[in-house]
Amino acid sequence: MAAVPLTMSRLVFLSSCTHATAAQDLPIFNTTNWNIEAGHFRAVDDVVRGGNSVSRLDVVGGGEKGTRRARFWGTVDTSTLGGAGFASQSHTFEKALDLSPYTRGFRLRLKRSARLEALTAFTLNLKDTRPAKGPDGRTESSVVHEYAFDVKKDLKIKPGEERDLIVPWNSFKETYRGREVPKNGRLGLRRQHIVEISIMCRSNFNKQHGDFELDWIGLTALRECEECEKRREMLFYGSLFGLFFVIMFFYRNWDDFHLIFK
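The model shown is predicted, which means the values in this text are computed figures rather than measured ones.

Conventions adopted
Residues numbered from 1 in each chain as written. Predicted model: local features only at pLDDT ≥ 70, side-chain atom pairs only at ≥ 80, totals over all residues. Heavy atoms only, no water. Pairing = 2+ DSSP bridges. Helix = DSSP H or I, 4+ residues; strand = E, 2+ residues; numbered from the N terminus. Polar contact = N/O pair within 3.5 Å; in protein donor to acceptor, adjacent residues only side chain to side chain. Contact = heavy atoms within 4.5 Å. Phe/Tyr/Trp six-rings, centres within 6.5 Å; stacked < 30°, edge-to-face > 60°. Buried < 20%, exposed > 50% of the residue type's maximum accessible area, 1.4 Å probe, protein only. Lys NZ or Arg CZ within 6 Å of the ring centre and 35° of its normal. Core = buried A, V, L, I, M, F, W, Y, C linked by side-chain atoms within 4.5 Å. Patch = residues over 30% accessible without salt bridge, like charges linked within 9 Å, V, L, I, M, F, W, Y side chains within 5 Å. Areas by Shrake-Rupley, 256 points an atom, 1.4 Å probe, with all protein chains shown as cover. Salt bridge = Lys/Arg side-chain N within 4 Å of Asp/Glu carboxyl O.

(A) Here's a closer look at the pairing of strand E6 (residues 86-97). Note that strand E3 (residues 41-43) and E6 share three bridges and pair antiparallel. Paired with Arg42 across the strands is Ser90, a residue of E6.

In structure tokens form, the structure reads like this:
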């Protein structure tokens, strides 16, 4: 994959790999199925905690299948909850997705709004466990695996521009109630049991608020191509052989090196 600048340490742009075919990958949301899948999303906003943020997910782009996309829009309010606020749209799968064969992560295609530019920080969220219900019937908080991105500061996407991004699995942080889980308490992401995918816009503790808009064009799970797997395997065994050769070289010539550095 391409080198990753320090300012974009958790983002990898579209891979240079050209061996993988579309048949190997798994389109989860794209321009051909948004008309159906968008109806399965539901709002999960801070109103569940007494806030006033709101979100919507609408299919836009006209009748042509190739131009359809989901527009995620709404308002993040921070006045009600003292600087906190979030708005999100979530898709729960009746049957868990097994994404374990798709080892490269995701291709995420976005279009930055040319109309509403103020709010630029979003998160793509995954859940591998179905949240439990509390005594009052409300859904309880659960572990969320988050990929946070800023379309302006990190991704440098211009207003009105579309961009393909590769999001590796290790880009997701394990969080609970918006805060990262300590390393000794992490369970890890079960890629074979993805039950929920959501997109969120939040205040990040009063760093942003107001109206937002982001066009979500597609999300595809990516499989490592066979050619790349072979190259990776050859590189691994080649590295082992090289390490063995270096060790044997030093072992056989240790007396000479010992005299040099004595």
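Structure shown, so let's carry the discussion forward.
(B) Spatial organisation of the sheet that holds strand E11 (residues 173-176). Across the sheet, seven strands lie side by side as E3-E6-E13-E8-E9-E11-E12; this open sheet has antiparallel pairing. Of all the strands in the sheet, the pair left with one neighbour each is E3 and strand E12 (179-180). Two strands pair when backbone bridges link them, and strand E8 (residues 121-127) and strand E9 (residues 143-150) are joined in this way by six bridges, in the antiparallel orientation. Across the sheet, residue Leu124 finds its bridge partner in E9, namely Tyr147.

(C) Expanded view of the side chain of Asn30. Along the chain, Asn30 falls in the loop between strand E2 (26-29) and helix H1 (34-37). Within polar-contact distance, the side chain of Asn30 engages the side chain of Thr32 at 2.7 Å. Leaving out residues up to four positions away in the same chain, Asn30 has contacts with Ile217 and Gly218.

(D) Layout of the packing of aromatic side chains. Per the stated rule, a full pass over the model turns up 16 aromatic pairs. Here Phe72 and Phe122 contribute two aromatic rings whose centre-to-centre distance is 6.3 Å and whose plane-to-plane angle is 65°, an arrangement assigned as edge-to-face. You can see Phe72 sitting in strand E5 (residues 69-76) and its partner Phe122 sitting in strand E8, a full 50 residues away along the chain. A relative accessible area of 2% places Phe122 in the buried class. In this structure an aromatic cluster arises from ring pairing among Phe72, Phe106, Phe122, Tyr147, Phe149, Trp169, Phe172 and Phe212. The ring of Tyr102 carries Arg223 above its face, with NZ or CZ at 4.7 Å from the centroid.

(E) Molecular detail of the nonpolar core. Among the nonpolar cores identified, the biggest contains 39 residues, and Ile28, Phe106, Phe149, Ile197 and Trp216 are the most heavily contacted of them. The biggest single contributor to this core is strand E14 (residues 210-222), with five residues. Apart from the residues within four sequence positions on either side, Phe149 is in contact with Leu108, Leu110, Thr120, Ala121, Phe122, Thr123, Leu124, Asp154, Leu155 and Leu214.

(F) Region of interest: a nonpolar patch on the surface. A contiguous nonpolar patch, built from Phe241, Phe245, Val246 and Phe249 and spanning about 440 Å² of accessible area, is present on the exposed surface. Accessibility expressed as a relative area gives 40% for Val246, which makes it partly exposed.

(G) A look at the pattern of salt bridges. Tallied over the full model, the rule gives eleven salt bridges. Asp58 is paired through a salt bridge with Arg56; the nearest N and O atoms lie 3.2 Å apart. Given the relative accessible area of 44%, Arg56 is considered partly exposed. Several salt bridges converge on common partners, so that one network encompasses Arg69, Arg71 and Asp215.

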